[in-house]
Amino acid sequence: MKIKKIVLHILQMRLKAPFSTSYGDIHDRELLIVEVKDDDGAAGFGEGVAFSTPWYTEETVKTTVHMIEDFLIPILSKTSFHHPRELAESFRFIRRNYMAKAALEGAVWDLYAKQQNIPLSQALGGMKKEVEAGVSIGIQPTIKDLISLIEQYQEEGYKRVKIKIKPGWDIEVVKEIRKHFPNLDLMADANSAYTLKDINHLKQLDEFQLMMIEQPLAHDDIVDHSKLQKELDTPICLDESICSFEDARKAVELRSCKIMNIKIGRVGGLTEAKKIHDFCKEQNVPVWCGGMLESGIGRAHNIALATLEQFTLPGDISSSSKYWEEDIIEPEISVYNGKIALPDNPGIGFHVSREKLKKYTVETKVFTL
Ligand code: OSB
Ligand code: MG
């Protein structure tokens, strides 16, 4: 593949409402859109999912841009490759910086699928024509607010609800939700808010039939999670702890989780994400696709990935309108009867609106190779 031009679009978008986790609130979302162009003028798009501050992993929008500009583009320009997976291989010499790699590799995957004239899902080997949509609800001012949001999302058709928990917003909240929605597919994400000292506290969740508890312990741990899983009936799902295929392999070997959240950005790109998926399939570990408050471009990549077979649980894949007043893709992503239909256009399958991209862009960097 020959890449002629790379454009980094740095966007500033405002979420409809602040999203609160155990770490704090996000309202303004700084976004990185990577565009790669070939000789024929075809363009592929990827999204960098790092935030402005390093609260989720160590990466930020600025470190992502730095890595792409100073290291990854120079590697790409010197590498001759026929398939995006070869590019992923040549990025291995750069340690970590997974979101930076994923953003550039994602744009190349989209371009590759467009050159082949096939949907990205097909390029990845996915067979599904629709994927199940779940919704992630941030910490709310009151339990009452949370209950009415759950009602609203149920009416919109979402197949499962994930709530965020932290000490002081956990057992009572889950108990109250169960009173109102005894049969709801419900799960809780702690974003590393607990330690092993909280074992007895977390055990109280076992009576509420949660589908899983996501990342209860430290962001870089797999040992304590293994100890915790032995004591809990509720399945543990790992998010932050899994940054590579090797992490996934070790976590499964140590029985640190029974379910895996796969995020393209966190694991360094679609190539690695697929590798983790294939391994989980072999090991009978159910997987689902996580989200990072992406624009439609990142979401379209998530939807394509979730068409792979072992994505048997609904992901954090919701409609554009959950987060945005207006998205930068056309048509926007929408959920019908709890599902999102795959577009059949080549690549990510959605049109990137130049006008909207421009409207939210605060900085552009152009590299001619
Ligand atoms: O932990 O899964 C997470 C959002 C930002 C960072 C981390 C997480 C989340 C979410 C929402 O839970 C995902 C989404 O709906 O895009
Ligand atoms: Mg999570």
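Along each chain, numbering runs from 1 in the same order as the chain's sequence is written. Working convention: letters from A go to chains and numbers from 1 go to ligands, in the order in which they are written. Since the coordinates come from a predicted model, pLDDT governs what is reported: local features require at least 70, and pairs of side-chain atoms require 80 or more to be given and counted, while whole-chain, interface and lining totals use all residues. As a rule here, side-chain values cover all heavy atoms of the structure and leave hydrogens and water aside.

Glancing now at the UniProt feature "binding site: Mg(2+)" (unreviewed entry) in the chain. UniProt positions are given in the numbering used here, feature names are shortened, and annotations may be inferred rather than shown by experiment. According to UniProt, the "binding site: Mg(2+)" (unreviewed entry) feature falls on Asp189, Glu214 and Asp239. A maximum C-alpha distance of 9.1 Å is found for the annotated residues, which run over 51 residues; spatially they form one tight group. Runs of H or I in DSSP of at least four residues are treated as helices and runs of E of at least two as strands, each being numbered from the N terminus. Along the chain, the position of aspartate 189 falls in strand S7 (residues 186-189). Aspartate 189 has contacts with Lys162, Ile163, Lys164, Ile165, Glu214, Gln215 and Asp239, leaving out every residue within four places of it along the chain. As used in this structure description, the phrase polar contact means that two N or O atoms lie within 3.5 Å; if the pair is within protein, one of them must be able to donate a hydrogen and the other to accept it, and residues adjacent in sequence are counted only when both atoms belong to side chains. At 2.8 Å, the side chain of aspartate 189 and the side chain of lysine 164 are in polar contact. If we ignore the near neighbours within four places in the chain, the residues touching aspartate 239 are Tyr56, Asp189, Glu214, Gln215, Asn261, Lys263 and Arg266. Within polar-contact distance, the side chain of aspartate 239 engages the side chain of tyrosine 56 at 2.4 Å. Throughout, a residue-residue contact means that at least one pair of heavy atoms, one from each residue, lies within 4.5 Å.

What follows covers the packing of helix H2 (residues 84-91) against helix H3 (residues 98-116). Axis angles are defined between N-to-C directions and span 0 to 180 degrees, where every axis is a line fitted to C-alpha atoms and, for a helix, only to the segment in contact. Between H2 and H3, whose axes approach to 9 Å, the crossing angle comes to 160°. In terms of orientation, H2 lies roughly antiparallel with respect to H3. Here H2 and H3 pass one another in a crossing that is right-handed. From H2, Pro84, Leu87, Ala88 and Phe91 reach across to H3, where they touch Lys101, Leu104, Glu105, Val108, Trp109 and Tyr112. Of the residues contributing to the contact of H2 with H3, the split by class is 8 nonpolar, no polar and 2 charged. Roughly parallel refers to an angle under 35 degrees, roughly antiparallel to one over 145, roughly perpendicular to one between 65 and 115, and oblique to any angle outside these ranges. Helix crossings fall into two classes, left-handed where the near helix is turned counterclockwise from the far one by less than a right angle and right-handed where it is turned clockwise. Here the term charged refers only to Asp, Glu, Lys and Arg, the term nonpolar to Ala, Val, Leu, Ile, Met, Phe, Trp, Tyr, Cys and Pro, and the term polar to all other amino acids, Gly among them.

The next thing to look at is the site of ligand 1. Proximity is defined per residue: any heavy atom of the residue falling within 4 Å of a molecule or strand makes that residue near it. Taken together, 19 residues lie around ligand 1, and Lys164, Asp189, Asn191, Leu293 and Tyr323 are the ones closest in. Here an oxygen atom of ligand 1 sits 3.0 Å away from a polar atom, N or O, in the side chain of serine 136. The side chain of asparagine 191 places a nitrogen or oxygen atom 2.8 Å from an oxygen atom of ligand 1. All accessible-area figures derive from a Shrake-Rupley calculation using a 1.4 Å probe, and residue coverage is judged against the displayed protein chains alone. With the chains in place, 100% of the 390 Å² that ligand 1 exposes on its own is no longer accessible. Here the residues of the shell around ligand 1 are counted per class, giving 7 nonpolar, 3 polar and 9 charged.

Let us now look at the packing of aromatic side chains. Only rings of Phe, Tyr and Trp enter the pairing, Trp through its six-membered ring, and a pair is recorded when the two centres are within 6.5 Å. The plane angle decides the type: under 30 degrees is stacked, over 60 is edge-to-face, the rest tilted. Applying the stated criterion to the full structure yields 7 aromatic pairs. Where tryptophan 55 meets tyrosine 56, the ring centres are 5.9 Å apart and the plane angle is 70°; that geometry is what we call edge-to-face. Ring geometry for tyrosine 153 versus tyrosine 158: centroids 5.6 Å apart, planes at 80°, classification edge-to-face. Summarising the burial analysis for this pair, tyrosine 153 and tyrosine 158 share the class buried. Site record: aromatic cluster; members linked through ring pairs are Tyr23, Phe51, Trp55 and Tyr56. By the criterion adopted, a ring carries a charge over it if an Arg CZ or a Lys NZ lies within 6 Å of its centre and within 35 degrees of its normal. Positioned over the ring face of tryptophan 288 is arginine 160, at 5.0 Å from the centre of the ring. Buried, partly exposed and exposed residues are distinguished by accessible area as a fraction of the type maximum, computed with a 1.4 Å probe on protein chains only: under 20%, between the cut-offs, and over 50%, respectively.

This part is about the pattern of salt bridges. By convention in these notes, a salt bridge is any Lys or Arg side-chain nitrogen within 4 Å of a carboxyl oxygen on Asp or Glu. Throughout the structure, instances matching the rule amount to 23 salt bridges. One salt-bridge network, in which partners are shared between bridges, spans Arg160, Lys162, Lys164, Asp189, Glu214 and Asp316.

Right, let's talk about the sheet that holds strand S6 (residues 160-164) for a bit. In this analysis, strands are considered paired if DSSP registers two or more bridges between them. In space, the 7 strands of this open sheet follow the order S5-S6-S7-S8-S9-S10-S11, with parallel pairing throughout. Either end of the sheet is taken by a strand with one partner, and the two such strands are strand S5 (134-137) and strand S11 (287-289). Inspection of the sheet shows S6 paired to S7 by 4 bridges, in the parallel sense. Within the sheet, the bridge partner assigned to isoleucine 163 lies in S7 and is alanine 188.

What follows concerns the nonpolar core. Ranked by internal contacts, the top residues of the largest apolar core, which has 128 residues, are Ile6, Val34, Ile68, Leu104, Ile163, Ile177 and Met260. When neighbours within four sequence positions are excluded, methionine 260 is seen to be in contact with Cys237, Leu238, Ile242, Ala248, Val252, Cys280, Val285, Pro286, Val287 and Trp288. With 6 residues, the next largest nonpolar core counts Met187, Met211, Cys237 and Ile259 among its residues. We call a set of buried residues a nonpolar core when its members are Ala, Val, Leu, Ile, Met, Phe, Trp, Tyr or Cys and they connect through side-chain atoms within 4.5 Å of each other.

The linkage connecting glutamate 330 with the following residue, proline 331, adopts the cis geometry, with an omega of -10°. Summarising the element assignment, proline 331 is placed in the loop between strand S12 (329-330) and strand S13 (339-341). Non-glycine residue serine 192 carries a positive phi angle of around 65°. The backbone phi angle of leucine 293 is positive, close to 55°, even though this residue is not glycine. Structurally, leucine 293 can be placed in the loop between S11 and helix H11 (296-305). By relative accessible area, which is 7% here, leucine 293 ends up buried.

The disulfide definition used here is simple: a pair of cysteine sulfur atoms within 2.5 Å. The final tally for this structure, using the stated rule, is 0 disulfides. Free of any disulfide, cysteine 237 has its nearest cysteine sulfur in cysteine 257, 6.8 Å distant. Accessibility expressed as a relative area gives 0% for cysteine 237, which makes it buried. No disulfide involves cysteine 243; its sulfur sits 13 Å from the nearest other cysteine sulfur, which is in cysteine 257. The class for cysteine 243 is buried, based on a relative accessible area of 7%.

The next point concerns the sheet that holds strand S2 (residues 24-37). Strand order across the open sheet formed by 4 strands is S3-S2-S1-S15, with antiparallel pairing between neighbours. A single partner strand is all that each edge strand has here, and the edge strands are strand S3 (43-48) and strand S15 (361-368). Geometrically, the sheet is characterised by an average inter-axis angle of 25° between neighbouring strands, direction not taken into account. Pairing between strand S1 (residues 5-21) and S15: 7 bridges, direction antiparallel. Across the sheet, the residue bridging to isoleucine 6 is phenylalanine 367, located in S15. Across the sheet, helix H1 (residues 61-78) lies against S1, S2 and S15, angled at about 155° from S1, the strand it touches most. Contacting S2 and S3, H11 crosses the sheet at an angle of about 95° to S3.

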